[in-house]
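Architecture and fold: a report
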Amino acid sequence: MSATTSSLALIGYGQLFDDIAANWHLLAHGCTLLPLRLASADAAIDDTGALLADLDPAQTRIFAAVDTQAVNHARLDVYAKARLMGFRGDSLRHPRAIVAGNVRIGENCWIGAGAVIAHGVQIGNNTIVGDAVRIGPGAKLGANGWVGAGASIGAGATLGQHYLIGQDVRLGAGLQIGRHCVIDVPGAYTETLADGTFIDPLFPHPARIYGR
Amino acid sequence: MTMYLGLPQSDYIDPSVFAREQTHILRKLWIFVGLRTLLAEPDSFLTRSIGGVPIVVQNFDGELRAFRNQCAHRQAPLQLEEYGQRKLTCRYHGWTFDGAGQVRGMPGEHRLYHYSEAERAQLCLDRFAVQCIGNLVFVNLDAHPLPIEEQFSDELRGQLAQISGHFGSQAIHAVMPSAYNWKLNFENVLDYNHVPFVHPQTFRPLMQKGAEHEPHIPTDTPPVQTTALRELSFAGKTPLKIQPWPWHALVDRFGNEDAYYNYFLYPNVNFISVGGYVFLIQQFDPIAPDRTDVRFTLATARPTQRIPALPAIFWGHLKGEKRVLDEDKVILEALQRGLHAGGPVARHGAYESQLRRVALVYEQLMGRSA
């Protein structure tokens, strides 16, 4: 939490929203939480504007807490709307997360309990790192991502923007995952994935986006 | 009237019937292979298997050419990926081929091969006919291809060209192995009466309710006695509730109706569009008598400006369509498991007259009756 602001507006809905609200006593550091619950994704941008309209961006930081809908575009919509209104996004870290000193973490990121993030890791804006995630040295995680609980990302791996790494997925060292990729079947992965590759329990083979 | 008897159960389980379908239907008719929008770049290609024959369709200077996807040397596949972009070059020994299918280069030719001039001239790929209807690419493996207008009417081809002209330049593609005969899935999509029973939560709620929207088959409808191949492929349209999404304002929609557009392309394609915003081609690719690869290719209408969330839009719609397919799959796989030689045939009612037409043409194509 920033020491210069007095309150944090937690805006969103779903499991992530509920988890952060429930853990606020561990995260607060004297800061007041303003929980602003959105009804759904349908009018999230308009509702975000309405809920933040009376708050002062100089006194309030925000955290957009929306789950993985639309490969994190739904959370990005809320976060981007707040940023356009002049709010800065905060990043939150569970006190039981272990983060090396030279790790770079962007705005609107959440680092869950028991996560271990090694030195040299870079995490882009609007990224959710779940409980007990392990990220190896030098890995680069693009913006607007989601790493599910218990997943691991090998040393030096790179992930493009808008990804979903599901629970208990293990990405090998040096692996390159393109933009807009979903890997939501637990297991070890050792092959690079092109942009727009979706590995999901609903599909026996990966779905792929083709064309330009 | 009128009860139409379906095909014998053996037609859905017998390997010899399946083998005959490969030669008499899939290698005779025009078969959809993919979208031209995904083959727009030089040397872009797709690979498929039609009737057991591996093919590659590749862009040579803007023209699509189809070849057997086997090198003239040792029959290794020339292209491996389902879609891609690279020269037509064998990965095994580096032979390269030109747009006519002739071998252009053989690394180490003068040191290693010593073909005579006449022998070298034989080193060419088998070429197949390609036709595009709008953005839909079809291939025919027959040495004397059927004129495509005998399979798809002028009117239908015009409609397909118009609607597929609205496709964006990207599409999401998925293959779902299924444990049933390919004909069951084509029959299933023709049978609109299964929707309230099989898709009560997914698809049915989107359909307009009320007596005026309920199909009613007149009792004096003449029975189907004969039919022609081109009558098996046709278009339909049903009113549909379209859930509005912000991105709808950012695409060049086909038409302006809240409708479910439905195109049946014999032998194995069902092409649908939800409101002219989303297009799904589902193809039932025969793999074995009791195995079908259901191939989904889903596109949106052409964006009029950049839509950053387009990949997520593809993914969301694809998942929705897969859930609908899975509801059909439960029924069709159970149906397939129960089939046995000598079992009773389907007994179709008046509303299933199109299934009767399909059966009549199937018998003709298989050379079993007039």
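Along each chain, residues carry numbers from 1 onward, in the same order as the chain's sequence is written. For naming, the first written chain is A and the first written ligand is 1, with later ones following in the order written. Where totals are concerned, whole chains, interfaces and linings use all residues; where local detail is concerned, this predicted model gives features only for residues with pLDDT of at least 70, and gives and counts side-chain atom pairs only at 80 or more.

Looking at the overall build of chain B
Each helix is a run of DSSP H or I of at least 4 residues and each strand a run of E of at least 2, with the numbering of both proceeding from the N terminus. Scanning chain B from terminus to terminus reveals 9 helices and 19 strands. In this treatment the radius of gyration is a C-alpha quantity, and the globule benchmark scales as 2.2 Å times the residue count to the 0.38 power. Taking 2.2 N^0.38 as the reference for a compact globule, 370 residues should give roughly 21 Å; the C-alpha atoms of chain B span a radius of gyration of 22 Å, in line with that estimate. Its C-alpha atoms give chain B principal-axis dimensions of roughly 75 × 55 × 35 Å. Working definition of burial: number of other C-beta atoms within 10 Å of the residue's own, with buried at 20 or more, exposed at 12 or fewer, and partly exposed in between, all C-beta atoms being placed from the backbone. The buried share among the 370 residues of chain B stands at 38%. Two residues qualify as being in contact provided that their C-beta atoms, derived from the backbone, are within 7 Å of each other. For chain B, the share of sequence-separated contacts (at least 6 apart) that also reach a separation of at least 24 residues comes to 67%.

Focus on the interface of chain A and chain B
The interface is formed by 17 residues belonging to chain A together with 21 residues belonging to chain B. Residue polarity follows a fixed list, in which Ala, Val, Leu, Ile, Met, Phe, Trp, Tyr, Cys and Pro are nonpolar, Asp, Glu, Lys and Arg are charged, and the others, Gly among them, are polar. Considered class by class, the residues forming the side of chain A that touches chain B number 10 nonpolar, 5 polar and 2 charged. Strand pairing requires that DSSP identify at least two bridges connecting the strands. With 4 bridges joining them, strand β22 (residues 207-211) of chain A and strand β11 (residues 170-178) of chain B adopt antiparallel strand pairing. Paired with A:Ile209 across the two strands is B:Ile172, which belongs to β11(B).

Quick word on the sheet that holds strand β20 (residues 187-189) of chain A
All names here are of chain A. As summarised here, the arrangement of the 6 strands in space is β5-β8-β11-β14-β17-β20, forming an open sheet in which the pairing is parallel. Since the sheet does not close on itself, it has two edges, and those belong to β5 (98-99) and β20, each with one partner. With 2 bridges joining them, strand β8 (residues 116-117) and strand β11 (residues 134-135) adopt parallel strand pairing. Residue pairing for β11: Val-116 is matched across the bridge by Arg-134.

As for the domain arrangement of chain A
All names here are of chain A. Note: domain ranges come from an automatic or database domain assignment. The domain boundaries assigned to chain A delineate domain 1 (7-84) and domain 2 (92-203). With centres defined by C-alpha atoms, the gap from domain 1 to domain 2 works out at 22 Å. The partner domain 2 presents 14 residues to the 14 residues of domain 1 that form the contact. Per element, the largest residue contribution to the side of domain 1 that touches domain 2 is 4 residues, and it comes from helix α4 (residues 73-84). Here the side of domain 1 that touches domain 2 is built from residues that sort into 9 nonpolar, 4 polar and 1 charged.

Some thoughts on the nonpolar core
Working definition: the nonpolar core is a set of buried Ala, Val, Leu, Ile, Met, Phe, Trp, Tyr and Cys residues, joined through C-beta atoms within 7 Å. A:Ile11, B:Val57, B:Val139 and B:Leu298 are the most contacted members of the largest nonpolar core, which totals 145 residues. Sorting elements by how many residues they give to this core places helix α8 (residues 310-338) of chain B first, with 7 residues. If near-sequence neighbours (up to four positions away) are discounted, A:Ile11 is found in contact with A:Leu36, A:Leu38, A:Thr48, A:Leu51, A:Ile62, A:Ala64, A:Ala65, A:Val78 and A:Ala82.

Digging into the sheet that holds strand β6 (residues 83-85) of chain B
All names here are of chain B. The 7 strands lie next to each other as β2-β10-β9-β5-β4-β3-β6, forming an open sheet whose pairing is antiparallel. Looking at the sheet topology across the chains shown, the edges are occupied by β2 (31-35) and β6. For this sheet, the mean angle separating the axes of adjacent strands, direction not counted, is 30 degrees. As judged from the 6 bridges shared by strand β3 (residues 44-50) and strand β4 (residues 53-60), these two strands associate in the antiparallel manner. Bridging across to β4, Phe-45 finds its partner in Gln-58. The convention used is that axes are lines fitted to C-alpha atoms, helices contributing only their stretch in contact, and that angles between N-to-C directions extend from 0 to 180 degrees.

Here we look at the pairing of β4(B)
All names here are of chain B. Taking the residues between adjacent antiparallel strands as the criterion, β3 and β4 are bridged by 2 residues, where Gly-51 takes a positive phi near 55 degrees. The pairing of β4 with strand β5 (residues 63-68) spans 6 bridges and is antiparallel. Directly across from Gln-58, in β5, lies its bridge partner Arg-65. With antiparallel pairing between neighbouring strands as the criterion, β4 and β5 make up a hairpin whose turn holds 2 residues, including Asp-61 at a positive phi of roughly 50 degrees.

Looking at unusual backbone geometry
In the segment running from B:Tyr266 into B:Pro267, the intervening peptide bond is cis, with an omega of 15 degrees. Positionally, B:Pro267 belongs in the loop between β14 (259-265) and β15 (269-274). Phi angles above zero are rare outside glycine, and A:Asn108 is one such case at about 55 degrees. Counting through the fold element by element, A:Asn108 comes out in the loop between β6 (104-105) and β7 (110-111). Given 29 C-beta atoms within 10 Å, A:Asn108 falls into the buried group. Positive phi, close to 60 degrees, is recorded for A:Asn126, a residue that is not glycine. Along the polypeptide, A:Asn126 turns up in the loop between β9 (122-123) and β10 (128-129). Judged by the 28 C-beta atoms lying within 10 Å of it, A:Asn126 falls in the buried class.

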